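# Coordinate inspection notes
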Amino acid sequence: MDKKKRIVIALGGNALGNTLPEQMTAVKITAKAIVDLIEEGCEVVVAHGNGPQVGMINNAMSALSREDPSQPNTPLSVCVAMSQAYIGYDLQNALREELLNRNITDIPVTTMITQIRVDAEDPAFNAPSKPIGHFMTEEQAKIAEEKYGYIMKEDAGRGYRRVVASPKPAEIIEIGAIRSLVDSGQLVIACGGGGIPVTLIGNHLKGASAVIDKDFASELLAEELNADFLIILTAVEKVAINFGKPEEKWLDDITTDDARKYMDEGHFAPGSMLPKVQAAVKFADSKDGRNALITLLEKAKEGILGKTGTRIHQ
Ligand SMILES: Nc1ncnc2c1ncn2[C@@H]1O[C@H](COP(=O)(O)OP(=O)(O)O)[C@@H](O)[C@H]1O
Ligand SMILES: NC(=O)OP(=O)(O)O
């Protein structure tokens, strides 16, 4: 019998929604897409983003400490941990239910609280770039800057968002535990929200004020688990060159060299498609036979069957 294909899936914003009720609904659709892959005979590991959720949690915790001075401010690393548990809770339950609905009773679902070591000297700490929280108008953004000292940036024509530091992931602290669970056949949700950023001081892990990009964290997870496929599920079916322009062209199958050329030519927006293509290239180049796929959440099954999406390979 063929060895099962091991797939790490990175879930983007549309897989989770922006509010509590939206997330409840979105995870049901997401769970169907993931269990479709399991039914196709794949071994799946799930990672996910947290931009809207970590922003919401951070706003709530900051409001609490403004109202009640006895409540110290909640560090961003703790907000990431909260977002992992909140998203993991909904996703884990939706996956459990979808598996049971399809009479799959032998795959336990687990969410692993995951810390990821970053370099304390990473220059990203001095150049906030990761959008979190909800979109604002220019006027609302100015108020947020003045009132809360937030750094606000325009996000790919979609409005203004707060930006925070986003260092590169260096080491997944819980990788041994994740590997044991995956190897024993469990469906594991790990590296949520890009992982809780920590720096290492002796034996102590210190939370860092940052949000790691989940595309890069998922890539590291896929390499560490020796996955065959990294699938990045987002809001577009394929990656385009000349995106949004009259000469727009959707890409089916590209080599990592093609992708690097397109990146140099500036076809992919920073903060949205660029990190996905960068992560896909890094994974595909990391070992012969490794493939990355970028596609729409609802098309995951067609994507793995080679019918759609943008496939990136050496
Ligand atoms: N070259 C491109 N090809 C396709 N989509 C692109 C491109 N450049 C930017 N995008 C935008 O990137 C978005 C995906 O990024 P983002 O919304 O940050 O993803 P997610 O939240 O799913 O991680 C797409 O919905 C699309 O609007
Ligand atoms: N942490 C992270 O990359 O979140 P998003 O995917 O929501 O931006």
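Residues numbered from 1 in each chain as written. Chains lettered and ligands numbered in written order. Predicted model: local features only at pLDDT ≥ 70, side-chain atom pairs only at ≥ 80, totals over all residues. Heavy atoms only, no water.

Under an unreviewed UniProt entry, the name given to the protein chain is Carbamate kinase, and the source organism is Hungatella effluvii. Among the UniProt annotations of the protein chain, the heading Pathway (unreviewed entry) holds the following wording: "Metabolic intermediate metabolism; carbamoyl phosphate degradation; CO(2) and NH(3) from carbamoyl phosphate: step 1/1." Per its UniProt entry, the protein chain bears the Sequence similarities (unreviewed entry) comment "Belongs to the carbamate kinase family." (UniProt positions renumbered as here; feature names shortened; annotations may be inferred.)

### Focus on the sheet that holds strand S7 (residues 160-164)
If you walk across this open sheet you meet the three strands as S5-S7-S6, and the pairing is antiparallel. Of all the strands in the sheet, just strand S5 (130-136) and strand S6 (152-154) have a single pairing partner and so form its edges. Between one strand and the next, the sheet's axes are offset by a mean angle of 40 degrees, whatever the strand orientation. Examined bridge by bridge, S6 and S7 share three bridges and lie antiparallel to one another. Looking across to S7, one finds that Lys153 is bridged to Arg161. Against the sheet, helix H4 (residues 138-148) touches S5, S6 and S7, its axis set at about 120 degrees to S5. (Pairing = 2+ DSSP bridges. Helix = DSSP H or I, 4+ residues; strand = E, 2+ residues; numbered from the N terminus. Axes fitted to C-alpha atoms, helices over the stretch in contact; angles between N-to-C directions. Contact = heavy atoms within 4.5 Å.)

### Things to note about the site of ligand 2
All residues adjacent to ligand 2 are Gly49, Asn50, Gly51, Pro52, Lys130, Gly193, Val211, Ile212, Asp213 and Lys214. Lys130 has a polar side-chain atom sitting 2.8 Å from an oxygen atom of ligand 2. A distance of 3.3 Å separates a nitrogen atom of ligand 2 from a polar atom in the backbone of Gly193. Computed on the free molecule, ligand 2 has an accessible area of 250 Å², of which 90% lies beneath the protein chains in the complex. Put simply, ligand 2 lies in the largest pocket. Of the residues belonging to the shell around ligand 2, the class tally is three nonpolar, four polar and three charged. (Near = heavy atom within 4 Å. Polar contact = N/O pair within 3.5 Å; in protein donor to acceptor, adjacent residues only side chain to side chain. Areas by Shrake-Rupley, 256 points an atom, 1.4 Å probe, with all protein chains shown as cover. 1 Å grid on protein atoms, 1.4 Å probe; cavity = no way out; pocket = protein on both sides within 12 Å on 5 of 7 lines; lining within 4 Å. Sits in = over half its atoms within 2 Å of the grid points. Nonpolar A, V, L, I, M, F, W, Y, C, P; charged D, E, K, R; others polar.)

### With respect to the confidence of the model for the protein chain
One rule of thumb: low pLDDT means the predicted coordinates there are not for detailed reading. Chain-level pLDDT for the protein chain is 96 on average; 99% of the residues reach the 70-or-more range. Among the prediction metrics, the complex's ipTM stands at 0.98, with pTM recorded as 0.97. (pLDDT = per-residue confidence, 0-100.)

### Comments concerning the packing of aromatic side chains
Aromatic ring pairs: the centre-centre distance and the angle between the two ring planes describe each pair. Counted by the stated rule, this structure contains two aromatic pairs. Look at Tyr148 and Tyr150: their rings are 5.4 Å apart centre to centre, the planes differ by 40 degrees, and that puts the pair in the tilted class. When its relative accessible area of 13% is taken as the criterion, Tyr150 is described as buried. The ring of Phe135 carries Arg161 above its face, with NZ or CZ at 4.7 Å from the centroid. Residue placement shows Arg162 over the ring face of Tyr150; its charged tip is 3.9 Å from the ring centre. (Phe/Tyr/Trp six-rings, centres within 6.5 Å; stacked < 30°, edge-to-face > 60°. Buried < 20%, exposed > 50% of the residue type's maximum accessible area, 1.4 Å probe, protein only. Lys NZ or Arg CZ within 6 Å of the ring centre and 35° of its normal.)

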